Amino acid sequence: MSFDFPESSPFRRSDFVFGVATAAFQIEGANQEDQRCESIWDRFCATPGKVVNGDDGSIACDHYHRWEQDLEMIAELGVDAYRLSIAWPRIMPVEGQVNSTGIAFYQRLITKLNELGIKPFVTLYHWDLPQYLEDRGGWLNRETAYKFAEFADIMTKALGDQVTSYATFNEPLCSAFLGYRFGDHAPGLKDDKFGFQAAHHLLLAHGLALPKMRANAPKADHGIVLNFAPAYPLDPNNQADIDAADFDEQQGIHWFLQPLMEATYPEAIRQQQPLWWPTILPGDLELIAAPIDFLGINYYTRHVIKAGEHGPEHVRLEGVERTDMGWEVCPEAFSHLLIKLHQRYDLPPIFITENGMASADSLQDGEVVDQQRCDYYQRHLDAVAVAIEQGVDLRGYFAWSLMDNFEWAYGYDKRFGLVYVDYASQQRVFKQSAKYFQQFLKQRKGI
Ligand code: FCB
């Protein structure tokens, strides 16, 4: 059992960071413990029909109680880093008040990670907004951006330089568009205009928080995590399809990256859909475009797009490899994306903060054989190596996810972990892919 791992591989660089990632709501459980308040995801889960099987985050992987053994498991994998997120509802369960018990939980985690020699990569917001803020409009309310900056200030003061790297947000596109535009995620609203306004407020919140974070943790890196699915025209010779794919990227990629890098939003949106344009106050874009130390990129799949009657339409190609999410496996699009972004923007160093796949894993005779996932990782790591060879400044790679967990609207139905979780017993079992990863990391270090 061994990875294809040539001498010339860029991953032999000892400063290239390999890690695994999780998010608070997806693993912690204990959603009523130690004063934690309700989040928009607790409310969404409790709304009939929103989450598959009516699953919720009340227990999840019970990580809130099992954190210590989970961190030991991470150490056993042999990774350099662990990406986790902070549950805002644990930190500020009552508006304007700080819950020291919530802070202490994360301080313990970070201390232990440092003891184990694992670099903590912290994401401040991975989708679990306190419900009391949603009750006042959530990300549609500009005030929420200021509330986030307060939370970021408190958290970075508490953890300071113990943390290697802070990201303000995970995938603001999902919070804004899945949450407020398409209704698939909490809080479940459906309005194009809402989606773009929420996106602007999330980016504004990033801009407002950044100076506070830098002041509190001057040695840490500070950045943001975006998710990108590059768009390909169904017919590359059809101009309408080409334009439709481009418009898909204007919304999905450039709407988020361009303001951060260039202090402007893509004009294509204003021209083609003027009603979507959000309210932006003078000075907002300058705040948003303050320099960041790194850009986190999450990549899972690509989009294939054709021109439809009402704009770009997603096409489901037949005969291509897919994951249990139905997402096409396309590592070539991963390297193309990275190279394309590198050519288009003056980017800071990049970390791949998520990459991975869901499969219908099962435990048989104590083993989980997930060959497709091993191949997926192998091919996507190769794609990262190609991008590095082409000059993209890539500094690290995180697998999503450490272990099976609550996959948002899909509940516990979809398994993304390197480690299998038997939810009934909370037993963790290394899948074949975890062993592959372990082997890969050992080989890299020449062990
Ligand atoms: C990303 C999310 C992450 C996980 C993966 C599969 O969009 O950031 O929490 O659910 O998808």
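Up top you'll find the structure we're talking about.
Residues numbered from 1 in each chain as written. Predicted model: local features only at pLDDT ≥ 70, side-chain atom pairs only at ≥ 80, totals over all residues. Heavy atoms only, no water.

A.B. asks: Which parts of the structure should I look at to understand the nonpolar core?
C.D. replies: Soluble globular proteins: nonpolar side chains tend toward being buried together. Trp41, Trp139 and Phe148 are the most contacted members of the largest nonpolar core, which totals 129 residues. The element best represented in this core is helix H9 (residues 192-216), accounting for eleven residues. Counting residues in each nonpolar core, the second largest holds 18 residues, with Tyr300, Phe351, Met357 and Phe416 among its members. (Core = buried A, V, L, I, M, F, W, Y, C linked by side-chain atoms within 4.5 Å. Buried < 20%, exposed > 50% of the residue type's maximum accessible area, 1.4 Å probe, protein only. Helix = DSSP H or I, 4+ residues; strand = E, 2+ residues; numbered from the N terminus.)

A.B. asks: Sorry if this is basic, but what is going on with the sheet that holds strand S11 (residues 394-400) here?
C.D. replies: Pairing between the strands of a sheet comes from backbone hydrogen bonds, and it takes one of two forms, parallel or antiparallel. If you walk around this closed barrel you meet the eight strands as S1-S2-S3-S4-S5-S7-S10-S11, and the pairing is parallel. Averaged over neighbouring strand pairs, the angle between their axes works out to 25° when direction is ignored. Here strand S1 (residues 17-21) pairs with S11 via five bridges, running parallel. Looking at the pairing, alanine 21 lines up with tryptophan 400 of S11. With respect to the sheet, helix H10 (residues 239-262) is in contact with strand S5 (221-227) and strand S7 (294-298), its orientation differing from that of S5 by roughly 160°. (Pairing = 2+ DSSP bridges. Axes fitted to C-alpha atoms, helices over the stretch in contact; angles between N-to-C directions. Contact = heavy atoms within 4.5 Å.)

A.B. asks: Looking at this structure, I do not really get the pattern of salt bridges. What am I missing?
C.D. replies: Pairs can form between side chains of opposite charge once their charged atoms are near each other. A complete count under the given rule lists 31 salt bridges for this structure. Among the ionic pairs, glutamate 28 bridges to arginine 90, the shortest N-O distance being 2.7 Å. One end of the pair, glutamate 28, is in the loop between helix H1 (24-27) and helix H2 (40-45); the other, arginine 90, is in helix H4 (residues 88-91), and 62 residues separate them in sequence. A relative accessible area of 3% places glutamate 28 in the buried class. What makes arginine 90 buried here is its relative accessible area of 2%. (Salt bridge = Lys/Arg side-chain N within 4 Å of Asp/Glu carboxyl O.)

A.B. asks: I would appreciate a short explanation of the site of the ligand in the present structure.
C.D. replies: What surrounds the ligand is the set Gln26, His126, Trp127, Asn170, Glu171, Tyr300, Glu354, Trp400, Glu407, Trp408 and Phe416. Residue histidine 126 places a side-chain N or O atom 2.8 Å away from an oxygen atom belonging to the ligand. The side chain of glutamate 354 places a nitrogen or oxygen atom 3.0 Å from an oxygen atom of the ligand. Burial of the ligand by the protein amounts to 95% of the accessible area it has alone, namely 300 Å². (Near = heavy atom within 4 Å. Polar contact = N/O pair within 3.5 Å; in protein donor to acceptor, adjacent residues only side chain to side chain. Areas by Shrake-Rupley, 256 points an atom, 1.4 Å probe, with all protein chains shown as cover.)

A.B. asks: Is there a simple way to think about the sheet that holds strand S8 (residues 303-308) in this case?
C.D. replies: Strand order in the open sheet formed by three strands is S6-S8-S9, and the pairing between neighbours is mixed. The strands lining the two open edges of the sheet, one partner per strand, are strand S6 (231-233) and strand S9 (311-314). The average undirected angle you get between the axes of adjacent strands in this sheet is 50°. Relative to S9, S8 runs antiparallel, the two sharing four bridges. Directly across from alanine 307, in S9, lies its bridge partner proline 312. Packing against the sheet, H10 makes contact with S6, S8 and S9, and its axis sits at approximately 120° to S8.

A.B. asks: I tried to follow the packing of aromatic side chains on my own but got confused; where do I start?
C.D. replies: Two descriptors summarise a pair of aromatic rings, namely the distance from one centre to the other and the angle between the planes of the rings. Scanning the model with the defined rule gives 46 aromatic pairs in all. Ring geometry for tryptophan 41 and phenylalanine 406: centres 6.2 Å apart, planes at 80°, overall edge-to-face. Of the two residues, tryptophan 41 is situated in helix H2 and phenylalanine 406 in the loop between S11 and strand S12 (419-422); the sequence distance between them amounts to 365 residues. Summarising the burial analysis for this pair, tryptophan 41 and phenylalanine 406 share the class buried. Pairing phenylalanine 177 with phenylalanine 256 gives two aromatic rings, centres 5.5 Å apart and planes at 70°, and the pair type is edge-to-face. In this pair, phenylalanine 177 is assigned in helix H8 (residues 172-180) and phenylalanine 256 in helix H10, connecting sequence segments 79 residues apart. Phenylalanine 256 matches phenylalanine 177 in its accessibility class, with the two residues each being buried. Put simply, the rings of Phe177, Phe182, Phe196, Phe247, Trp255, Phe256, Tyr265, Trp276 and Trp277 pair up and form one aromatic cluster. Here arginine 90 stacks its cationic end above the ring of tyrosine 64, 4.0 Å away from the centre of that ring. In this structure, arginine 270 packs its charged tip against the face of tryptophan 277, placed 4.1 Å from the ring centre. (Phe/Tyr/Trp six-rings, centres within 6.5 Å; stacked < 30°, edge-to-face > 60°. Lys NZ or Arg CZ within 6 Å of the ring centre and 35° of its normal.)

A.B. asks: Which parts of the structure should I look at to understand the environment of aspartate 243?
C.D. replies: Along the chain, aspartate 243 falls in helix H10. Accessibility expressed as a relative area gives 42% for aspartate 243, which makes it partly exposed.

A.B. asks: Please clarify how the packing of helix H14 (residues 371-389) against helix H15 (residues 432-444) should be interpreted in this entry.
C.D. replies: Running from amino to carboxyl end, H14 crosses H15 at an angle of 35°, the nearest separation of the two axes being 8 Å. Taken together, the residues of H15 that come into contact with H14 (itself represented by Gln371, Arg373, Cys374, Tyr377 and Leu381) are Gln432, Ser433, Tyr436, Phe437 and Phe440. For the contact of H14 with H15, the residue count by class is six nonpolar, three polar and one charged. (Nonpolar A, V, L, I, M, F, W, Y, C, P; charged D, E, K, R; others polar.)

A.B. asks: I keep staring at the side chain of asparagine 227 and nothing clicks. Help me out?
C.D. replies: In this fold, asparagine 227 is placed in strand S5. If near-sequence neighbours (up to four positions away) are discounted, asparagine 227 is found in contact with Glu171, Leu173, Cys174, Gly252 and Asn298.

A.B. asks: Help me understand the environment of proline 230 in this model?
C.D. replies: In this fold, proline 230 is placed in the loop between S5 and S6. For proline 230, a relative accessible area of 1% corresponds to the buried category. Between the C-alpha atom of proline 230 and that of alanine 333, which follows or precedes it by 103 residues, the distance is 6.9 Å. Among residues more than four places away in sequence, those in contact with proline 230 are Glu249, Ile253, Tyr299, Thr301, Arg302, His303, Ala333 and Leu337.

A.B. asks: I keep staring at the side chain of glutamine 426 and nothing clicks. Help me out?
C.D. replies: Mapped onto the elements of the fold, glutamine 426 is located in the loop between S12 and strand S13 (427-430). For glutamine 426, a relative accessible area of 7% gives the class buried. Only 2.8 Å separates the side chain of glutamine 426 from the side chain of arginine 428, close enough to count as a polar contact. Among residues more than four places away in sequence, those in contact with glutamine 426 are Ile59, Ala60, Cys61, Asp62, Arg66 and Val421.

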